[in-house]
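# Inside the fold
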Amino acid sequence: MTVHVADVFKNAKEGKSVGLRGWVYRYRKLGEDKIFIVLRDGTGIIQSVVKKDSVTEKVWKDAENLYIESSLIIKGELKKDERAPGGFEIKISDIEVIHQGLPFPIQKDLSEEFLLDVRHLWLRSRKMTAIMKGRHFLIEYLREWLNNNGFYEVVPPIITKSGAEGGADMFELNYFGTKAYMTQSSQLYAEAMIFGLERVYVLAPSFRAEKSRTRKHLTEFWHLEPEMAWVGQKENMEVQEELVSFAVQKFIKENEDILRVLNRDPEELKNVKPPFPRLDYEKAVERVNELGGRMEYGEDFGADEEEILTKEYDVPIFVHNFPKESKAFYMREDPKKPGTVLADDMLAPKGHGEIIGGSERIWKLEELEARMNEVKLDPKDYEWYVDLRRYGSVPHSGFGLGIERFVKWVLNLENIRDAIPFPRTITRVYP
Ligand code: NSS
């Protein structure tokens, strides 16, 4: 019988027999009669030692021929060892090599580009494994909050006829002789579903053919998009801060091990609790300029401006009431501040920047038609979406959270590429 590394440490006792299966994480031969193997499995690493005089000749030979990442089953006895990680090491009595394999191509100090070329192998690293676990739990907690607050998870189509964000930057497909596109956002479909279900969310990929080559842009990202009937922009923002705070607080409470591997200090996230500071767009522009940035009214926040603005905070902030010209066609104009829309961006602190974009939607037919006219969108391309405003339309709001942006911030990653197993960027579709 075999167990996992984490289980070994849970009930460790001097002299206890254990069996483990996994991969060689580190390997070192000491003199002519001792080999140290650090074994890795999905739960952690443990040090083990093979001594020539305490195993058969075959086991010794097999041990001598192991490579980094060879797969194997080991049996042995636990021994207390202060220097070993976890305080115990395994004195090996038997090794069954499952696959010796070839010498592993990833050694120390390789370039970022090379590591991306061998991403399919690099995903075994401690760093990537910790990130992938972190991503898993963060998504679990986001879903948990939504499920506990009356939301149904629904699914959208990925192949679409028109763009949710106005249609620029879309990947085009030949759909049996007609043009179709990979979805930019599932929002419009989520909107259709609130009339039956009232509160829904979609978790699906979105595609953007943007030529942005930054540490924050992917061409394919996972997008969490809640949509709510009978909800205005004020409540929309409250839902966003509740959702984000819940996921962050639960994450730092339950995942110390992941945070430790990634050197992320949980103290830096402990103030992430509602309410988040709110800044009117106009004030935000003024503030950026006060702090040494250069921005004109109407401009979007670039990476530099987001950094300047969020540097002062250790919690996310909202920027709201953007000039309507700079935003998408479906956003409702603020009757209290004409010329601006009821929309928000949530910006994560310390330069991580935008993680959410949300808004109250135009829900009246004439208003939507007029706005589409203004921005020269052909209503024909959006006929079904416009149609939703003909039958019992209601005020509604929603938002989109970029999963990789969120993971990048919570785990404090340098680059968004590491927040997804196989990143797609303007220069990379392989592996
Ligand atoms: O373009 S957004 O600001 N808004 C929407 O797509 C709305 N239709 C969402 C909605 O209201 N349902 O994108 C939302 C978020 C944004 O804040 C980022 O966190 C993420 O989606 N996003 C991206 N992540 C990674 N790479 C790229 N290129 C990207 N674009 C947006």
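I will try to describe carefully the structure that is included in this document. (Residues numbered from 1 in each chain as written. Predicted model: local features only at pLDDT ≥ 70, side-chain atom pairs only at ≥ 80, totals over all residues. Heavy atoms only, no water.)

This part covers the side chain of Thr340. With respect to the element layout, Thr340 can be found in the loop between β13 (317-320) and β14 (343-348). At a separation of 2.7 Å, a polar atom in the side chain of Thr340 contacts the main-chain carbonyl oxygen of Lys337. Discounting chain neighbours no more than four positions away, the residues touching Thr340 are Tyr297, Asn321, Phe322, Pro323, Lys324, Glu333 and Asp334. (Helix = DSSP H or I, 4+ residues; strand = E, 2+ residues; numbered from the N terminus. Polar contact = N/O pair within 3.5 Å; in protein donor to acceptor, adjacent residues only side chain to side chain. Contact = heavy atoms within 4.5 Å.)

One finds Leu224, Val244, Phe406 and Trp409 to be the most contacted residues of the largest nonpolar core, which totals 45 residues. With 9 residues, helix α5 (residues 126-148) is the single largest residue contributor to this core. Beyond its immediate chain neighbours, meaning those up to four positions away, Val244 contacts Phe276, Met346, Ile356, Leu401, Phe406 and Trp409. Within the second largest apolar cluster, 29 residues are counted, among which are Ala164, Leu347, Leu365 and Val386. (Core = buried A, V, L, I, M, F, W, Y, C linked by side-chain atoms within 4.5 Å. Buried < 20%, exposed > 50% of the residue type's maximum accessible area, 1.4 Å probe, protein only.)

It is worth spelling out the site of the ligand at this point. Near the ligand lie 23 residues; those nearest to it are Glu165, Gln187, Glu225, Glu354 and Ile355. Contact between the ligand and Tyr330: a nitrogen atom at 3.4 Å from a side-chain N or O atom of the residue. Considering the ligand on its own, with 630 Å² of exposed area, one finds that the protein chains cover 93% of that surface. Every element with two or more residues in the shell around the ligand is listed here: β11 (220-229), β15 (353-360) and β16 (396-402). Grouping the constituent residues of the shell around the ligand by class yields 7 nonpolar, 8 polar and 8 charged. (Near = heavy atom within 4 Å. Areas by Shrake-Rupley, 256 points an atom, 1.4 Å probe, with all protein chains shown as cover. Nonpolar A, V, L, I, M, F, W, Y, C, P; charged D, E, K, R; others polar.)

Further remarks concern helix α11 (residues 365-374). One turn of the α-helix equals 3.6 residues, which is why residues spaced by three or four share an orientation. Residues of α11 that are buried: Leu365, Leu368, Arg371 and Met372. Take α11 and look down its axis: the buried residues cluster within an arc of 135°, on one side only. For α11, exposure combined with an orientation more than 90 degrees from the buried face picks out Glu366 and Asn373. Tucked inside the fold, the buried residues of α11 contact α12 (383-387). (Arc of directions from axis to C-beta.)

Looking now at the sheet that holds strand β9 (residues 178-182). Overall, antiparallel pairing links the 3 strands, which are arranged β7-β9-β8 in an open sheet. Whereas interior strands pair on both sides, the edge strands pair on one side only; in this sheet they are β7 (159-160) and β8 (172-175). Direction of pairing for β8 relative to β9: antiparallel, over a ladder of 4 bridges. Counted as the bridge partner of Glu172 is Tyr181 from β9. (Pairing = 2+ DSSP bridges.)

One pass over the structure, following the stated rule, counts 36 salt bridges. The salt bridge involving Glu64 is made with Lys29; its shortest N-O contact spans 2.6 Å. Linking Glu64 in helix α2 (residues 57-64) with Lys29 in strand β1 (residues 17-30), this pair joins segments that are 35 residues apart in sequence. Two residues, Glu383 and Arg390, come together in a salt bridge whose shortest N-O distance is 3.0 Å. (Salt bridge = Lys/Arg side-chain N within 4 Å of Asp/Glu carboxyl O.)

A surface patch of nonpolar side chains, amounting to about 260 Å² of accessible area, comprises Tyr152, Met193 and Leu197. Here Leu197 lies in helix α6 (residues 187-197). (Patch = residues over 30% accessible without salt bridge, like charges linked within 9 Å, V, L, I, M, F, W, Y side chains within 5 Å.)

On the basis of which strands lie adjacent, the closed barrel formed by 5 strands has the order β1-β2-β3-β5-β4 and mixed pairing. Here the average twist between neighbouring strands, direction ignored, is 55°. Both strand β3 (residues 44-51) and strand β5 (residues 88-99) contribute to a ladder of 3 bridges, which runs parallel. Bridged to Gln47 within β5 is Glu89. Relative to the sheet, α2 contacts β1, β2 (34-41), β3 and β5, its axis offset from that of β5 by approximately 85°. (Axes fitted to C-alpha atoms, helices over the stretch in contact; angles between N-to-C directions.)

Take the packing of aromatic side chains next. Under the criterion given, the structure shown has 14 aromatic pairs. With a centroid separation of 6.4 Å and an interplanar angle of 45°, the aromatic rings of Trp145 and Phe151 are classed as tilted. Both residues of the pair, Trp145 and Phe151, belong to the buried class. When the ring centre of Tyr385 is taken as reference, the NZ or CZ atom of Arg389 above it lies at 4.2 Å. (Phe/Tyr/Trp six-rings, centres within 6.5 Å; stacked < 30°, edge-to-face > 60°. Lys NZ or Arg CZ within 6 Å of the ring centre and 35° of its normal.)

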